[in-house]
Amino acid sequence: MKLKLSRFLLHRRKKKLFFGFIFISLISVEFFTYFLQTLSWMRVECADQTADEECVKLLFVADPQLIGEEHENAARYIGSIWDSDRYIKRTFSYAMGHVRPDAVIFLGDLLDEGSTASEDEFERYVGRFKWVFPESDVPFIILPGDNDIGGEGDPITHQKIRHFDQYFGQPDVVRVKGIVFYKVNRMRYHFPKNKLPLSENETKILLSHLPLLTHPSPFIDHLIEKFEPNLIFSGHEHTAVHLSIVQGQRLGRTEVLIDPIELELDQFQVINEIMVPTCSYRMGTTEIGFAAAAINLKTQRATVYVLPLPDRFRQLFFYVGVIIVLILHYAVIAVYIFFKKYFRRCLYL
């Protein structure tokens, strides 16, 4: 009797340890890994800031491309759609808490199938977008991308533009705390017609979904000449890159942006562009994240940061491993019980 009781307690203890390990692993993956990732993020602040200087902080979101229903086949992959939305929502929440921005800039490709969606589908996608990126007191500045209104193998139409503007429409020029943002659409060769008069220490920033400095053209030259931007931010390429040119010359510097960089914004002969990486793990790259900028309006200096995100596929592979272990665990138990009963029957024959 004592032997059976000790075996029962040992089996129960092993079971508790086994499921305890799985539970702790899941908690670690779903919460602790994100916390550790945020610890690696550098503090977003203006360089050499004094008490009388105003620091404007910006958070940049590029190419979230919330997964569509048509190509993804929602009936079979609804779990992946939910997981992708939840991942972006969670990491965006961490980024908002870390940066505490004065404005959030969305650099296009909000939806993966926005340009081909029906009215009902687009409305559902917008609902998901608002769930992933909930509105707050922080202003959102939103640009369309080619996946939203067409542009790469998919024609841009006035209907698609009106469709997008119905839910996300904003002025082409937005002013936030001493920074004037000009929205540029290289796909349509569209830019704001009027340039706002600037007060002292105000900064001009061009926003574009498609990179500008990588495609020199009369259109880009006209933009630079007309707006004389202090800085350009773009997306589309799904990677973090710093581009720099001297006006009238070819591209002077191109480098992958990993560490924070400081930029002098009052050097009008030097044009800097920051390409922001995608924040979705479904875009075929593991180098994903958000970008942030801290701009000192008095000294006209900016510090740009990349906020890398955890590798979600590695986490999902871990879950697959846990499921395989569970299946093998119970398979071994089932085989053991079957053969135990089988040999017992053989002994009685």
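Located above this text is the structure these notes cover.
So, a few notes on the structure that sits alongside this text. Residue indices follow the written sequence of each chain, beginning from 1 at its first position. Given that this is a predicted model, residues contribute local features only at a pLDDT of at least 70 and side-chain atom pairs are listed and counted only at 80 or more, while totals for whole chains, interfaces and linings are drawn from all residues. Excluded from the side-chain calculation are hydrogens and water; included are all heavy atoms of the structure.

1. Some details on the overall build of the protein
Strands are runs of DSSP state E lasting at least 2 residues, helices are runs of H or I lasting at least 4, and numbering of each runs from the N terminus. Looking only at helices and strands, the protein has seven helices and 13 strands in total. Partly exposed describes any residue whose relative accessible area lies between the buried limit of under 20% and the exposed limit of over 50%, with all areas from a 1.4 Å probe on protein chains only and scaled to the type maximum. Buried residues in the protein amount to 47% of all 349 residues. Throughout, a residue-residue contact means that at least one pair of heavy atoms, one from each residue, lies within 4.5 Å. Once local pairs closer than 6 in sequence are excluded, the contacts in the protein between residues at least 24 apart make up 76%. When the accessible surface of the protein is totalled, it reaches about 19100 Å², and 59% of it is carbon and sulfur. In this description, accessible areas are obtained by the Shrake-Rupley approach with a 1.4 Å probe, and a residue is regarded as covered only by the protein chains that are shown.

2. Quick look at the pairing of strand E6 (residues 203-208)
Most of E6 is tucked away, with six of its six residues classed as buried. Residues Thr-203, Ile-205 and Leu-207 of E6 are buried on one face, and the alternating residues Lys-204, Leu-206 and Ser-208, pointing to the opposite face, are buried as well. Strand pairing follows a simple DSSP-based rule, namely that at least 2 bridges must link the two strands. When strand E5 (residues 179-184) meets E6, the two strands line up parallel, connected through six bridges. In the sheet register, Tyr-182 faces E6, and the bridge partner there is Leu-206. In this sheet, strand E7 (residues 231-234) lies alongside E6 in parallel orientation, the contact comprising four bridges. Along E7, the bridge assignment pairs Ser-208 with Ser-234.

3. Re a nonpolar patch on the surface
Think of a patch as exposed residues, more than 30% relative accessible area, with no salt bridge, where like charges cluster within 9 Å and nonpolar side chains (Val, Leu, Ile, Met, Phe, Trp, Tyr) cluster within 5 Å. The salt bridge definition used is simple: a Lys or Arg side-chain nitrogen within 4 Å of an Asp or Glu carboxyl oxygen. Taken together, the side chains of Phe-32, Phe-35, Leu-36 and Leu-39 define a hydrophobic patch exposed on the protein surface, amounting to about 400 Å² of accessible area. Tracing the sequence through the fold places Leu-36 in helix H1 (residues 2-40).

4. A few points about the pattern of salt bridges
As enumerated under the stated definition, the model contains 10 salt bridges in all. A salt bridge links Glu-69 to Arg-124, with the nearest nitrogen and oxygen atoms 2.7 Å apart. Separated by 55 residues along the polypeptide, Glu-69 in the loop between strand E1 (55-61) and helix H2 (74-99) and Arg-124 in helix H3 (residues 119-132) bring together distant segments of the chain. We note a salt bridge from Lys-204 to Glu-228, for which the minimum N-O separation is 3.9 Å. Of this pair, Lys-204 sits in strand E6 while Glu-228 is found in the loop between helix H6 (218-227) and E7, placing the two residues 24 residues apart along the sequence. Look at the salt bridges and you will find they share partners, linking Glu-54, Asp-102 and Lys-177 into a network.

5. What about the packing of aromatic side chains?
Classification of ring pairs rests on two measures: the distance between centres of Phe, Tyr or Trp rings, Trp counted by its six-membered ring, which must be within 6.5 Å, and the angle between planes, read as stacked under 30 degrees, edge-to-face over 60 and tilted in between. As enumerated under the stated definition, the model contains 19 aromatic pairs in all. Where Phe-191 meets Phe-227, the ring centres are 6.1 Å apart and the plane angle is 85°; that geometry is what we call edge-to-face. Linking Phe-191 in the loop between E5 and E6 with Phe-227 in helix H6, this pair joins segments that are 36 residues apart in sequence. In our convention, an over-ring charge means Lys NZ or Arg CZ found within 6 Å of a ring centre and within 35 degrees of that ring's normal. Cation over ring: Lys-89 sits above Trp-131, and NZ or CZ is 4.8 Å from the ring centre. Lying over the aromatic face of Phe-191, Lys-193 brings its terminal NZ or CZ to 5.2 Å of the ring centre.

6. Section: the nonpolar core
Counting residues in each nonpolar core, the largest one holds 43 residues, and the members touching the most others are Leu-59, Phe-92, Val-104, Phe-106, Phe-133 and Phe-290. Among the elements that take part in this core, H2 stands out by supplying six residues, more than any other. Those residues in contact with Phe-290 that lie beyond four places of it in its chain are Leu-59, Phe-60, Val-61, Thr-91, Phe-92, Ala-95, Cys-279, Tyr-305, Val-306, Leu-307 and Leu-309. If you look at the next biggest cluster of nonpolar residues, it comprises 31 residues, including Val-56, Ile-179, Phe-181 and Ala-302. Here, nonpolar core refers to any group of buried Ala, Val, Leu, Ile, Met, Phe, Trp, Tyr and Cys residues whose side-chain atoms link them within 4.5 Å.

7. Section: H3
Here H3 is 14 residues long and its end C-alpha atoms lie 20 Å apart, about the 20 Å a rise of 1.5 Å per residue gives. All buried positions along H3 are accounted for by Glu-121, Phe-122, Tyr-125, Val-126, Arg-128, Phe-129 and Val-132. Taken down its axis, H3 places every buried residue within 160° of arc, on the same side. Residue count minus one, scaled by 1.5 Å, sets the expected span of a helix. Taken from the helix axis, the directions to the C-beta atoms give the arc we talk about.

8. With respect to the state of the cysteines
Covalently bonding the sulfur atom of one cysteine to the sulfur atom of another cysteine gives a disulfide. By definition, disulfides here are pairs of cysteine sulfur atoms that lie within 2.5 Å. The tally for this structure, following the rule as stated, stands at one disulfide. Paired by a disulfide, Cys-46 and Cys-55 hold their sulfur atoms 2.1 Å apart. Its S-S torsion of about 90° marks the bond between Cys-46 and Cys-55 as right-handed, since a negative value means left-handed. Judged by its relative accessible area of 6%, Cys-46 is buried.

9. Quick notes on H6
Those residues of H6 that fall on the buried side of the exposure criterion are Phe-219, Ile-220, Leu-223, Ile-224 and Phe-227. Buried residues of H6 fall within an arc of 135° about the axis and therefore sit on the same side. The exposed set on the far side of H6, more than 90 degrees from its buried face, consists of Pro-218 and Glu-225. Tucked into the core, H6 has its buried residues touching E5, E6, E7 and strand E11 (270-275). Once H6 finishes, Glu-228 follows within two positions and takes phi at roughly 45°, a positive value.

10. A few points about the pairing of E1
The buried count for E1 comes to six of seven residues, which makes it a mostly enclosed element. By the bridge criterion, four bridges tie E1 to strand E2 (residues 103-106) in an arrangement that is parallel. Its bridge partner lying in E2, Phe-60 is registered against Ile-105.

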